[in-house]
Amino acid sequence: MKPVILDVDTGIDDALAIAYALNSPELEVIGLTTCFGNAPIESTTRNTLVVLEKLGKMVPVYAGADKQLKGGLKKYPTHVHGEDGLGNQVDRTPEKRAESEGAVDYIINQVIKQPQEITIIAVGPLTNLALAVKKEPEIASLVKEVIIMGGAVFTAGNVTPYSEANIITDPEAADIVFSSGLPVTIVGLDVTMKTLLPREALTDWRDLKRDAAHFFADMTSFYMQSYETHHPGIGGCALHDPLAVGVAIDPSFVKKEEWSVKVVLEGEERGRTIAHTEGGPKIQVCTHVKSETFLKHFLGRIF
Ligand code: BDR
Ligand code: CA
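Note that this is a predicted model, so its numbers are computed, not measured.

Visitor: What is the right way to read the site of ligand 1 from this model?
Guide: Residues in close proximity to ligand 1 include D13, D14, N38, H81, V123, M149, N158, E164, A165, N166, H240 and D241, which together make up its full environment. A distance of 3.0 Å separates an oxygen atom of ligand 1 from a polar atom in the side chain of N166. When the free accessible area of ligand 1 is taken as 280 Å², the share hidden by the protein chains comes to 95%. Listed by contribution, the elements that provide at least two residues to the shell around ligand 1 are helix 1 (12–22), helix 6 (165–169) and helix 11 (240–249). In terms of residue class, the shell around ligand 1 is made up of three nonpolar, five polar and four charged.

Visitor: Explain the sheet that holds strand 3 (residues 61–63) here, please?
Guide: Strand-to-strand pairing in sheets goes through backbone hydrogen bonds, with the strands running parallel or antiparallel. The sheet built from nine strands is open, its strands ordered 3-2-1-4-5-6-11-9-10 with mixed pairing. Both outer strands of the open sheet, strand 3 and strand 10 (273–276), are each paired with one neighbouring strand and no more. Ignoring which end each strand starts from, the neighbouring axes of this sheet average 30 degrees apart. As defined by bridge partners, strand 2 (residues 27–34) adjoins strand 3 across three bridges and the pair is classed as parallel. In the sheet register, T33 faces strand 3, and the bridge partner there is Y62. Sitting on the sheet, helix 1 is in contact with strand 1 (2–8) and strand 2, with an inclination near 170 degrees to strand 1. Where helix 2 (residues 41–55) meets the sheet, it contacts strand 1, strand 2 and strand 3, and its direction lies at approximately 150 degrees from that of strand 2.

Visitor: I keep staring at the coordination of the calcium ion (ligand 2) and nothing clicks. Help me out?
Guide: Geometry sets the ideal angles at a metal, namely 109.5 degrees for four tetrahedral donors and 90 or 180 degrees for six octahedral donors. The coordination sphere of the calcium ion (ligand 2), as far as protein atoms go, consists of D9 (OD), D14 (OD), D14 (OD), V123 (O) and D241 (OD), spread over 2.3 to 2.7 Å. Each donor residue of the calcium ion (ligand 2) lies on the same chain, and together they follow the pattern D-x4-D-x108-V-x117-D. Here D14, found in helix 1, pairs with V123, found in the loop between strand 4 (119–122) and helix 5 (127–135); they are 109 residues apart in sequence, far enough to count as distant. You'll find D14 and V123 in the same group, each marked buried.

Visitor: In this structure, what is going on with helix 11? I would like to understand it.
Guide: An α-helix turns once every 3.6 residues. As a result, residues three or four positions apart point the same way. Judged by how many residues are buried, helix 11 sits mostly within the fold: ten of ten residues are covered. Burial in helix 11 covers these residues: H240, D241, P242, L243, A244, V245, G246, V247, A248 and I249.

Visitor: In this structure, what is going on with the pairing of strand 5 (residues 145–149)? I would like to understand it.
Guide: Regular strands place their side chains on alternate faces of the sheet. For strand 5, a buried count of five out of five residues is recorded, marking the element as mostly surrounded by other parts of the structure. Here strand 5 shows two buried faces, one formed by E145, I147 and M149 and the other by V146 and I148. With four bridges joining them, strand 4 and strand 5 adopt parallel strand pairing. Across the sheet, the residue bridging to I121 is I147, located in strand 5. In this fold, strand 4 hands off to helix 5, which returns the chain to strand 5; that crossover is right-handed. Across four bridges, the pairing between strand 5 and strand 6 (residues 184–187) is parallel.

Visitor: How do you make sense of the pattern of salt bridges when you look at a structure like this?
Guide: Should the charged atoms of two oppositely charged side chains come close, the side chains can pair. The full count for this structure, using the stated rule, is 14 salt bridges. Residue K70 is joined to E172 by a salt bridge in which the shortest nitrogen-to-oxygen separation is 3.8 Å. Residue K70 is found in the loop between strand 3 and helix 3 (78–81), and its partner E172 is found in helix 7 (residues 171–178); the two are separated by 102 residues along the sequence. Note that D105 and K135 form a salt bridge whose closest N and O atoms lie 2.7 Å from each other. Remark: K135 occurs in helix 5 and D105 occurs in helix 4 (residues 103–113); sequence separation between them is 30 residues.

Visitor: For this particular structure, what's the right way to read the nonpolar core?
Guide: Within soluble globular proteins, side chains that are nonpolar tend to cluster in buried spots. Core analysis: the biggest nonpolar cluster contains 62 residues, and L6, W205 and F216 have the highest contact counts within it. Filtering out sequence-adjacent residues up to four positions away, L6 remains in contact with A17, I18, A21, V29, G31, L32, T33, I121 and V245. Counting residues in each nonpolar core, the second largest holds 37 residues, with V143, I186, V261 and I283 among its members.

Visitor: I keep staring at the side chain of N47 and nothing clicks. Help me out?
Guide: Topologically, N47 is positioned in helix 2. Residue class for N47 comes out buried when judged on its relative accessible area of 0%. From its side chain, N47 meets the backbone oxygen of T10 in a polar contact 2.8 Å long. Setting aside residues up to four positions removed in sequence, N47 forms contacts with T10, G11, D84, G85, L86 and V90.

Definitions and cut-offs
Residues numbered from 1 in each chain as written. Chains lettered and ligands numbered in written order. Predicted model: local features only at pLDDT ≥ 70, side-chain atom pairs only at ≥ 80, totals over all residues. Heavy atoms only, no water. Near = heavy atom within 4 Å. Polar contact = N/O pair within 3.5 Å; in protein donor to acceptor, adjacent residues only side chain to side chain. Areas by Shrake-Rupley, 256 points an atom, 1.4 Å probe, with all protein chains shown as cover. Helix = DSSP H or I, 4+ residues; strand = E, 2+ residues; numbered from the N terminus. Nonpolar A, V, L, I, M, F, W, Y, C, P; charged D, E, K, R; others polar. Pairing = 2+ DSSP bridges. Axes fitted to C-alpha atoms, helices over the stretch in contact; angles between N-to-C directions. Contact = heavy atoms within 4.5 Å. Donors = N, O, S within 2.8 Å, 3.2 Å for Na, K, Ca; no water. Buried < 20%, exposed > 50% of the residue type's maximum accessible area, 1.4 Å probe, protein only. Right-handed = clockwise from strand over helix to strand, strands pointing away. Salt bridge = Lys/Arg side-chain N within 4 Å of Asp/Glu carboxyl O. Core = buried A, V, L, I, M, F, W, Y, C linked by side-chain atoms within 4.5 Å.

This is the structure:
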């Protein structure tokens, strides 16, 4: 079992990733850390606790960054994830609260306590990780692996023609993480846009006699609606965050190439992730995915 810290900005596909990770015996999710992103930090933390309650799972939650490293007013993607971040399906205030320790200190402390053991799966903006590596640079050589959903290295972005949502939300943070020496694997739009959860899957979830499955079907239906608006006729949604979890479970779902990666910080291409050979730490960039194999695995685990 791999000890895992899952860093989320919950978010509909983050919720799917949480369920997939918690139902996978290969992974031991020791903590969930939250970041602003798909919604403000209060909402993403609450959503994480709500998802855990719906799934009937107990994992400690540590709240993290409420804003990007460098200024700017953040607009939240309510058209993609709803006003509440979960497709307007949040029907409760969770009973549990986040722990008193913050996400950044939690990450640092766990990595130092278990050197070369911890896998971090980060599926939101990279603010928490950047703050952690800035505060304690030593963790770069002590983490086992960092699997990131973010970036569009050899393909187009999904927020601008150049940038992917998690990276454009905090480009400075992403640049710090990619140049830190952390052992990073990028699971970007290059591969996640090739994973499609078909709408029919939601019918199967609704047939299950489980509150959690209905909750997930309703929020994912909202997500699919926004996909339909942007990609008419697509018939489903991409499984961005779940694929990062999938790669932690079984790296053979993807093929990787080794590159240095920099983030464009200025101008119209801000947030773009560029692969280069000009020097700097090497990163694994996922370039191909066995979509069918991954989808089957995900569907077999989600409930
Ligand atoms: C990423 O952006 C967020 O909206 C999703 O949760 C995912 O992490 C996809 O670009
Ligand atoms: Ca996310």
